[in-house]
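Structure assessment
Spelled out from the first residue to the last, the chains are:
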Amino acid sequence: MENSPLKYKHALFLNPYVDCNANSTMKLFPPVGLEYVATAAKGLAEKVTLLDLRHEEELSRPDKLMDFIRSGVDIVCVAIGWDRQLKEIYALISLIPAGVRVVVGGYTATEKVEELFRDCPRIDIIVRGEGEETIKEILIGMPLENILGLSYRKNGAVVHNANRPLPGVDAIAFPDRALRHNKYYLMLNGIDVMNLKFDAVLSARGCPHNCKFCTFSLNPLGQKRNYAPRSNQSVVDELEGLEAKVVLFSDDNFFANPGRAEEICDLLIARKIKKRFIAQARLEVARYPRLLEKMVKAGFKVLLIGIESPHDRILAQMNKGFTSATVRQAFSVLKKYPIYYHGYFIYGNIGETEEEMLYISQFAKEIGVDSITLNKLRIEKFSPLKALAENTPGYHVTESGALYSDEFPHSRLKKIGRKLRFSFYTPSRFMKMLGKNIFVVRFFTVREVAQLIIMFPRLIASAINREIQRGRLADSLKRTFVSNT
Ligand code: SF4
């Protein structure tokens, strides 16, 4: 070992979030951003360990985790992708024994570099933006001043190196699932109903569209990730190697290039890869009937579609690129296919009246979307709507990006959100959702349906509870799957 050319003996990659709500959807998602970075580190430290503390029993206890680190870990890389539990994470990091290098990365770490260095003295280095190349250079011992995309402490000050240009996607190895300590299961409203293994695949980074409210295709540095698809072969190879039966494509829009999506469907069919796919899509997918037919054959069961608003004025303000008539037309086509449609809507937009907000639920029923997620408009740091929000009299943006106005303070928006959810999610809606999944989409096998029926009362109670707590799936996707971008 003494002659080892490797600088580090044992690199620990840590997802530090622990106290997930029992009903949380988050626990479902593997920490893919961290997994990409840990995979890039393979071979550059004598040993690489990946821990997701949400799924660790013993090691989620700080004393046990520190014992583990003392047993030979000499570099700890912590993913901070969420703007929450920060105090707890700082407290955990502060326990890491002296002499162990502490590197932090992820979406929130990149957004809040100064704050993290100020509030957590134990952090040595912050990797900003995409981390796969940066971690390699740290592990091989390159001088810190030469590593792009890095911020680090030097002589009591913090040094920020230049940003790292975004690497090509085919240069990045897909996550090695063998690094995982645990399996991920499909959870419905936070409940593991059917013991169905779940995974997520990022087939492309970035998005070719420019919706003004959306910073998904920007990294936390404001760098735009132009649409960059991986090769079809590499995507299908990754899918073929997965144990999971249910796979989410975490791309911003899996169908951004319909020809490519069709080729991937062809490969899935030809190679008899039988999985149930969930993907994020834009309405334009309705223009491609041949693609839709192949999607059904290839196992696409659920599409998550950003509809955002029933109002043309708001859609134009968002630069969404379609009108409410386009939405109706698209759904009149989509409904012909045995696919479950989940729609995202945003309320509390600039200049939106209460009546307009409340119409969302009615509109969702009219177009025939199966379920919805409602989010209040957020104005992220690099959002193109920021200037409009700041220059519109009576509107305010909080430090955390929440938008409110004198007429619609948080409390009023909260009430509107509840009204919307309760008017959409009626008991008959839950029955329809279940019926469509079982009889039309055939998402579940007969055995799984039996398990589902037994769990149904618990699922409804949890769904109601979750809707009350306002699940924010879109945001969770962004931060979970692209936490390194
Ligand atoms: S909302 Fe969707 S389509 Fe629009 S820019 Fe964001 S990811 Fe792309």
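Keep in mind the model is a prediction, meaning the values are calculated, not measured. Position numbers for residues count from 1 along each chain, tracking the sequence in the order it is written. Note on the predicted model: pLDDT of at least 70 is required for a residue's local features to be given, and 80 or more for side-chain atom pairs to be given and counted; whole-chain, interface and lining totals, by contrast, use all residues.

**Looking at the overall build of the protein**
The secondary structure listing takes helices from DSSP runs of H or I that are at least 4 residues long and strands from runs of E that are at least 2 residues long, numbered from the N terminus. Helix and strand counts for the protein stand at 17 helices and 18 strands. Compactness check: the protein gives a C-alpha radius of gyration of 23 Å against a globular reference of 23 Å for 485 residues, within 12% of the reference. For the C-alpha atoms alone, the extent of the protein along its principal axes is close to 70 × 55 × 40 Å. Field definition: a residue is buried when 20 or more other C-beta atoms are found within 10 Å of its C-beta, exposed when 12 or fewer are, and partly exposed for counts in between, with C-beta atoms placed from the backbone. In the protein, buried positions account for 43% of the 485 residues. Two things to know: the radius of gyration comes from C-alpha atoms, and the globule rule equals 2.2 Å times the number of residues to the power 0.38.

**Remarks on the environment of Leu-95**
On the secondary structure map, Leu-95 appears in the loop between α3 (86–94) and β4 (101–105). Given 12 C-beta atoms within 10 Å, Leu-95 falls into the exposed group. As for Leu-95 and Arg-122, which are separated by 27 residues in sequence, their C-alpha atoms are 8.5 Å apart. Think of it this way: build a C-beta for each residue from its backbone, and any pair within 7 Å is a contact. Every residue in contact with Leu-95, bar those within four places of it in the chain, is listed here: Pro-62 and Met-66.

**Describing the nonpolar core**
By size, the foremost hydrophobic cluster in this structure holds 123 residues, and its most contacted members are Ala-11, Leu-12, Phe-13, Val-37, Ala-41, Val-76 and Cys-77. Per-element tally for this core: the top contributor is helix α1 (residues 32–41), with seven residues. Residue ranges for the domains originate in an automatic or database domain assignment. A domain split of this core shows at least three residues from each of domain 1 (8–169) and domain 2 (183–481). Beyond its immediate chain neighbours, meaning those up to four positions away, Leu-12 contacts Thr-49, Leu-51, Ile-69, Val-73, Val-76 and Cys-77. Only buried residues count toward a nonpolar core: Ala, Val, Leu, Ile, Met, Phe, Trp, Tyr and Cys, linked into one set through C-beta atoms within 7 Å.

**Description of the packing of α1 against helix α6 (residues 132–139)**
Relative orientation of the contacting elements α1 and α6 amounts to 40 degrees, with a least axis distance of 8 Å. In terms of orientation, α1 and α6 fall into the oblique class. Between α1 and α6 lies a crossing of right-handed hand. Facing Tyr-36, Val-37, Ala-40 and Ala-41 of α1, the residues of α6 in contact are Glu-132, Ile-135, Lys-136 and Leu-139. Axis geometry follows a simple rule: fit a line to the C-alpha atoms, using only the stretch in contact for helices, then measure angles between N-to-C directions, giving values from 0 to 180 degrees. In these notes the angle categories are as follows: under 35 degrees is roughly parallel, over 145 is roughly antiparallel, 65 to 115 is roughly perpendicular, and the rest is oblique. For any helix crossing, the convention is left-handed if the near helix is rotated counterclockwise from the far helix by under a right angle, and right-handed if that rotation is clockwise.

**Some remarks on the domain arrangement of the protein**
Taken domain by domain, the protein comprises domain 1 (8–169) and domain 2 (183–481). Taken over C-alpha atoms, the centre of domain 1 sits 29 Å from the centre of domain 2.

**Overview of the packing of helix α8 (residues 258–270) against helix α9 (residues 289–298)**
Put simply, α8 and α9 touch, their axes get as near as 9 Å, and they point 30 degrees apart. Comparing the axis directions of α8 and α9 gives the class roughly parallel. Regarding α8 and α9, the two cross each other, and that crossing is left-handed. For the pair α8 and α9, the contacting residues are Pro-258, Ala-261, Glu-262, Cys-265, Asp-266, Leu-268 and Ile-269 in the first and Arg-290, Leu-291, Lys-294, Met-295, Lys-297 and Ala-298 in the second. Here the contact of α8 with α9 is composed, by residue class, of eight nonpolar, no polar and five charged. Side-chain classes are defined by residue name, with Ala, Val, Leu, Ile, Met, Phe, Trp, Tyr, Cys and Pro counting as nonpolar, Asp, Glu, Lys and Arg as charged, and the others, Gly among them, as polar.

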